[in-house]
Amino acid sequence: MSIGVVWFGNDLRTADQVMLWHAMREVDQLICVYCDPLLPQHSALNSLSSPSPKRDRFLRDGLDELALNLQALGQTLWVTQKHAQVALPVLFNELPITHVYRNHHAGWYEQQALNQITFDFPDIQIKQFYGLGLFAQSQLPFALAELPDSFSKFRKMMETIEVTAPLPDAAQLPPMPAFSLPDFSPWQVRPAKTEQARFNGGERAALTQLSDYFATDLPSTYKATRNELDGWENSTKFSPWLAQGSISARQIKACLEVYEGDHGANESSYWIFFELLWREYFHWYASRYGKRLFAANGIQQRTTQRSFYPERFRKWCYGNTPYPIVNACMKQLNETGFMSNRGRQLAASCLIYDLGVDWRYGAAYFESQLLDYDVASNWGNWQYIAGVGADPRGGRHFNLEKQTQQYDPEHHFIEKWYGHQFDEQLDSMDAADWPISPKP
Ligand SMILES: Cc1cc2nc3c(=O)[nH]c(=O)nc-3n(C[C@H](O)[C@H](O)[C@H](O)COP(=O)(O)OP(=O)(O)OC[C@H]3O[C@@H](n4cnc5c(N)ncnc54)[C@H](O)[C@@H]3O)c2cc1C
């Protein structure tokens, strides 16, 4: 008798799900689990990078859908609020588990958790797959330790490698063994929502966005519009679903190929693949550099300023700086959980270079607020702008006036988000902590 455990993470889907595909063939019984120690605290912003209520809702949508989709395949989603390293050993000691299925996660902590389990349970077959990105590690034409030091080099090496097509759907999953453990409970699906949000988590909404986007001509003009600060149609908006894994990068690539077959490929449609390669790059970068992703000096180990001005940081978070375009972007983020790529670049550059704050505080705030928070893409992009990451130019300081001229010349975006409303004076204390009198 073989018993498998499918261990879900940022891959909350049943379609194109390599773990289920293998488990279906290899084990007699199966348990599907999701471990999230943050679940009970999600709605309280109890530390800087704790998920916001919006991201918490998006995650719960994803878990609801996954539970329902697993149910349709004869399975149950079990959830524990303990860390995987704590909860899974209890399960493995209770039942004679023979196989564990897990997708490779680029994040340091996720990798540590898998390493610990692999070390502690040498008799269990731990099967790791590459279901989060476009490529498996075996497809990389270099050893991970030799990851190219710039995206351009990486792209040139990877763009001609064939992306594996998505897997067919699993038809039926093996049954679940009987067990009862206090730390595990079946995920309780919430009643269907009536409110209509632009971003609803889960596989159904992800697939709707995928088919809606490729049903238009938008991919053919994507490159010209993707830098806009606003507008649903100006970029794909796939990122939140990609981040929770309710859609796979391979599913997007497959739809893109069908689109190009029907409409013809052009530079714009190619650029969607180009951007997915950026995501891919940062994922391998995070895998390669581990906890250096979070280090102040980055992967470059280049000394950077580490100053922290609490008042400036707070003002940046709430969109109350002397830079209207950044204020608008931050208010958009706080209100919607989303910000355009251009907006993220400007907000990050402003915090680091105009406000003089250590980049890691900004990365942590984005982590808490972005619906599409992805450890590799977020911390990798912040390092890039701070000049301690994969940027051969050594950092990006944007001229906010010029950027406003270029991307919001009529101030429509700024006005929409009240970016002009800010305190006259940035600091209320000087460097020696003396109060600064307000300007007359
Ligand atoms: C400071 C900063 C922080 C960021 N944090 C995140 C994050 O936590 N999660 C995240 O998914 N993206 C992050 N990005 C990258 C990018 O801003 C978003 O992926 C993009 O804006 C999402 O919108 P979209 O899906 O419409 O993107 P599109 O323009 O439609 O791009 C298609 C897909 O390509 C990928 N992509 C595009 N640009 C990038 C990029 N620069 N880096 C990595 N992948 C990219 C995304 O998966 C995206 O969904 C960050 C960028 C910056 C500058």
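Residues numbered from 1 in each chain as written. Predicted model: local features only at pLDDT ≥ 70, side-chain atom pairs only at ≥ 80, totals over all residues. Heavy atoms only, no water.

Considerations on the pattern of salt bridges
Should their charged atoms come close, side chains of opposite charge can pair. The following threshold applies: Every case where a carboxyl oxygen of Asp or Glu lies within 4 Å of a side-chain nitrogen of Lys or Arg is listed as a salt bridge. Between buried and exposed lies partly exposed: a residue is buried under 20% and exposed over 50% of the maximum accessible area for its type, with that area taken using a 1.4 Å probe on protein chains only. Only runs of H or I of at least four residues qualify as helices and only runs of E of at least two qualify as strands under DSSP, and these elements are numbered from the N terminus.
The full count for this structure, using the stated rule, is 19 salt bridges. The partner of Lys-153 in a salt bridge is Asp-149, and the shortest N-O contact between them spans 2.6 Å. Assessed through its relative accessible area of 45%, Lys-153 is described here as partly exposed. With its nearest N and O atoms 3.0 Å apart, the salt bridge here joins Arg-226 to Glu-275. Of the two residues, Arg-226 sits in the loop between α7 (222-225) and α8 (239-244) while Glu-275 sits in helix α10 (residues 267-289), which places them 49 residues apart along the sequence. In terms of burial, Arg-226 and Glu-275 fall into one category: buried. Put simply, Arg-57, Asp-61, Asp-64 and Arg-190 are held in one network by salt bridges that share partners.

Brief notes about the site of the ligand
Basically, it comes down to this: To be near a molecule or strand, a residue needs just one of its heavy atoms within 4 Å of it. A 3.5 Å cut-off defines polar contacts: any pair of N or O atoms within that distance qualifies, except that in protein one atom must be a possible hydrogen donor and the other a possible acceptor, and neighbouring residues in sequence count only when both atoms are side-chain atoms. Here, Shrake-Rupley sampling with a 1.4 Å probe gives the accessible areas, and only protein chains in the shown set may cover a residue.
Of all residues adjacent to the ligand, which total 26 residues, the nearest are Tyr-222, Ser-235, Thr-236, Lys-237 and Asn-341. Residue Ser-235 places a side-chain N or O atom 2.6 Å away from an oxygen atom belonging to the ligand. Glu-275 is positioned with one of its side-chain polar atoms (N or O) 3.1 Å from a nitrogen atom of the ligand. Against a free-state accessible area of 810 Å², the protein chains account for coverage of 97% of the ligand.

Here's the deal with empty space enclosed by the protein
Selection criterion: Site definitions follow a grid-based scheme: protein atoms alone, a 1 Å grid, a 1.4 Å probe that fits but cannot get out for cavities, and for pockets an open set with protein on both sides within 12 Å along at least five of seven lines, plus lining residues having an atom within 4 Å of a point. Grid points are joined across faces, edges and corners, and a volume is the space filled by probe spheres set on the points. Under the convention adopted here, Pro, Cys and the residues Ala, Val, Leu, Ile, Met, Phe, Trp and Tyr are nonpolar, Asp, Glu, Lys and Arg are charged, and Gly plus all remaining residues are polar. Segmentation of the chain into domains, including their bounds, is taken from an automatic or database domain assignment.
In the structure shown here, the tally under the stated rule is 3 cavities of 30 Å³ or more. Reported here for the largest cavity is a volume of approximately 90 Å³. If you go around the largest cavity, the residues you meet are His-104, His-105, Ala-106, Tyr-130, Gly-131, Leu-132, Gly-133, Phe-135, Glu-280, His-283 and Trp-284. Class assignment for the residues of the lining of the largest cavity results in 5 nonpolar, 5 polar and 1 charged. Residue assignment places the lining of the largest cavity across two domains, with domain 1 (1-132) and domain 2 (203-289) each supplying three or more. A volume near 80 Å³ is recorded for the second largest cavity. Residue lining of the second largest cavity: 13 residues in total, with Asn-10, Leu-132, His-283, Asp-374 and Val-375 positioned closest to the centre. Only α8, α10 and α15 (375-386) provide two or more residues apiece to the lining of the second largest cavity.

Thoughts on the domain arrangement of the chain
Interfaces are frequently sized by the accessible area removed from exposure as the parts join. Spelled out, the test is: Contacts are assigned to residue pairs with any non-hydrogen atoms lying within 4.5 Å of each other. Buried surface area refers to the total accessible area, computed with a probe of radius 1.4 Å, that the two partners give up upon joining, counted for both partners together.
Under the domain assignment, the chain is made up of domain 1 (1-132), domain 2 (203-289) and domain 3 (310-416). The C-alpha centroid of domain 3 is placed 22 Å from the C-alpha centroid of domain 2. Each partner contributes residues to the interface: domain 2 has 16 residues there, and domain 3 has 24 residues. Here domain 2 meets domain 3 over a buried area of about 1700 Å², counting both sides, of which 60% is carbon and sulfur. The largest share of the area that domain 2 buries against domain 3 comes from Asn-227, Leu-229 and Phe-282, three residues that together contribute 40% of it. For the pair domain 2 and domain 3, the interface holds 1 salt bridge. Of all the secondary-structure elements, those providing two or more residues to the side of domain 2 that touches domain 3 are α8 and α10. No other element matches the 7 residues that α10 contributes to the side of domain 2 that touches domain 3. For the side of domain 2 that touches domain 3, a count of residues per class yields 8 nonpolar, 3 polar and 5 charged.

Considerations on the UniProt feature "binding site: FAD" (unreviewed entry) in the chain
What counts is decided by this rule: UniProt positions are given in the numbering used here, feature names are shortened, and annotations may be inferred rather than shown by experiment.
Here the UniProt feature "binding site: FAD" (unreviewed entry) sits at Tyr-222, Ser-235, Thr-236, Lys-237, Phe-238, Ser-239, Asp-372, Tyr-373 and Asp-374. Looking only at the residues we just named, the second largest cavity is lined by Asp-374. Locating Lys-237 in the fold gives a position in the loop between α7 and α8. Residue classification places Lys-237 among the buried residues on the basis of a relative accessible area of 7%. Dropping the residues within four chain positions of it, Lys-237 is found in contact with Phe-199, Gln-209, Gly-231, Trp-232 and Phe-338. As for its position among the elements, Ser-239 is in helix α8. A relative accessible area of 25% places Ser-239 in the partly exposed class. Excluding residues within four positions of it along the chain, Ser-239 makes contact with Phe-338 and Asp-372.

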